[in-house]
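Breakdown of the fold
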Amino acid sequence: MPVLRVGLLVVGWLIVAVLGVVALLRLVAWDAAEPLIVLDALTLVIYLPAWVVAAGALIARRWWLAGAAVVLVAAQVAFAAPELLASAPVPDWARHAPVLRVFDANVDKSLGFPSGYVRAIEQDHPDLVTLEEFTPPARTAMQASGVLARFPYRCAAPALGATGFLVASRLRLADCQVRTVLANGQQTPYLVEATVSTPGGPVALRVVHTLAPFPAYWREWSAALAAVGQSVRASGDSRMLMVGDFNATWGNRGFVALLHDGLTDGAAARGQATGMTWPNGALVPPFVRIDHVLTGARLAVTAIAARGGFGSDHRYLLATVAIRS
């Protein structure tokens, strides 16, 4: 038993030491390198072992270890508080405003577009469908299914791999442009801009898919997220709707900058900050929320849900967005 106690004590201090370094780097080098981007994105879960260590150390009366673990618990609470406390009532004006139903999904390079997505689109009756990692075979499958007939206005940029997009709208769609960032020597799409004509007025649509912040792409990820922010500031449009797979969370500096630029995270505002979207269909439940619906001041998400994807590693989002005339 003494050996077991010593072993647990050593493990506890190792956990505290490692997480202490992670917390310190969050403060002094926020998202400054690829490993930090990934660790910061996991702010809501990565510090949870510190809670276990704190409880165990308090029970065992290991006061120094307990104190160190409690500091880490407090750091996580401080880091996560803005997101967890962002919940607010639906604005009064939104209760009687025109609405836009939005279906957004990263379909994970689906070469044979699953019939599940077709059924979901048919059942959910969205006004606007936005898809990331949209491929030419997926477009062929959607056209063959007949589901696109409901959406006469489309902006399609399919591509093999992870860089394709689709915007399909029941309402008039105009001014569609695909923005790119330089990655591995070639221009890679990361954003689609368009204008949707709605009963509440024109909505500036932005569909985002940044590259995952892995070693080969982390600089491109940072550049793309910064460019998304520049798009928000350059537009200055209070009727902005931004959706997609950001590969980022409230733990990431570039994503938080979008919120400081005047956008509202629809899920957090509706009290669903823990509505995780990735990974879907894995051995572990989804533990990170990297798919988002963000709105400008004259838009508001009134309802949002993350639902299981069909062969994708992402859950898809279904949101109702009110538009202030």
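Per-chain numbering applies: the sequence of each chain, read as written, is numbered from 1 onward. Totals for whole chains, interfaces and linings use every residue, but because this is a predicted model, local features are given only for residues with pLDDT of at least 70 and side-chain atom pairs only at 80 or more, for both listing and counting. As a rule here, side-chain values cover all heavy atoms of the structure and leave hydrogens and water aside.

1. Brief notes about the packing of aromatic side chains
So the rule is basically this: Side-chain rings of Phe, Tyr and Trp (the six-membered ring for Trp) are treated as a pair once their centres are within 6.5 Å; stacked means planes under 30 degrees apart, edge-to-face means over 60, and tilted covers the remaining angles. Secondary structure elements follow DSSP: runs of H or I of four or more residues count as helices, runs of E of two or more count as strands, with numbering from the N terminus. Each residue is assigned to one of three classes by its accessible area relative to the maximum for its type, calculated with a 1.4 Å probe on protein chains only: buried under 20%, partly exposed between the two thresholds, exposed over 50%.
Taken as a whole and judged by the stated rule, the model has seven aromatic pairs. With a centroid separation of 6.1 Å and an interplanar angle of 50°, the aromatic rings of Y47 and F79 are classed as tilted. With Y47 in the loop between α3 (43-46) and α4 (48-60) and F79 in helix α5 (residues 63-84), this residue pair connects regions lying 32 residues apart in the sequence. In this pair, the class of Y47 matches that of F79, namely buried. Both rings, one in W278 and one in F287, keep their centres 5.9 Å apart while their planes meet at 75°; by these two values the pair is edge-to-face. Here W278 falls in the partly exposed class, since its relative accessible area comes to 28%.

2. As for the sheet that holds strand β7 (residues 201-209)
The strands that make up a sheet pair up through hydrogen bonds in the backbone, lying either parallel or antiparallel. What counts is decided by this rule: Any two strands between which DSSP finds at least two bridges are classified as paired. Whether two residues are in contact is decided by their heavy atoms: any pair within 4.5 Å suffices. The angle between two axes is taken between their N-to-C directions and runs from 0 to 180 degrees, where each axis is a line fitted to C-alpha atoms and a helix contributes only its stretch in contact.
Pairing in this open sheet of six strands is mixed, and the strands run β5-β6-β7-β8-β10-β9 from one edge to the other. Pairing within the sheet leaves two strands with one partner each, and these edge strands are β5 (173-183) and β9 (264-265). Sheet strands in contact with helix α9 (residues 253-260) are β8 (240-245), β9 and β10 (291-295), and its direction is about 20° off that of β10.

By themselves, these are just geometric observations and shouldn't be taken as functional.
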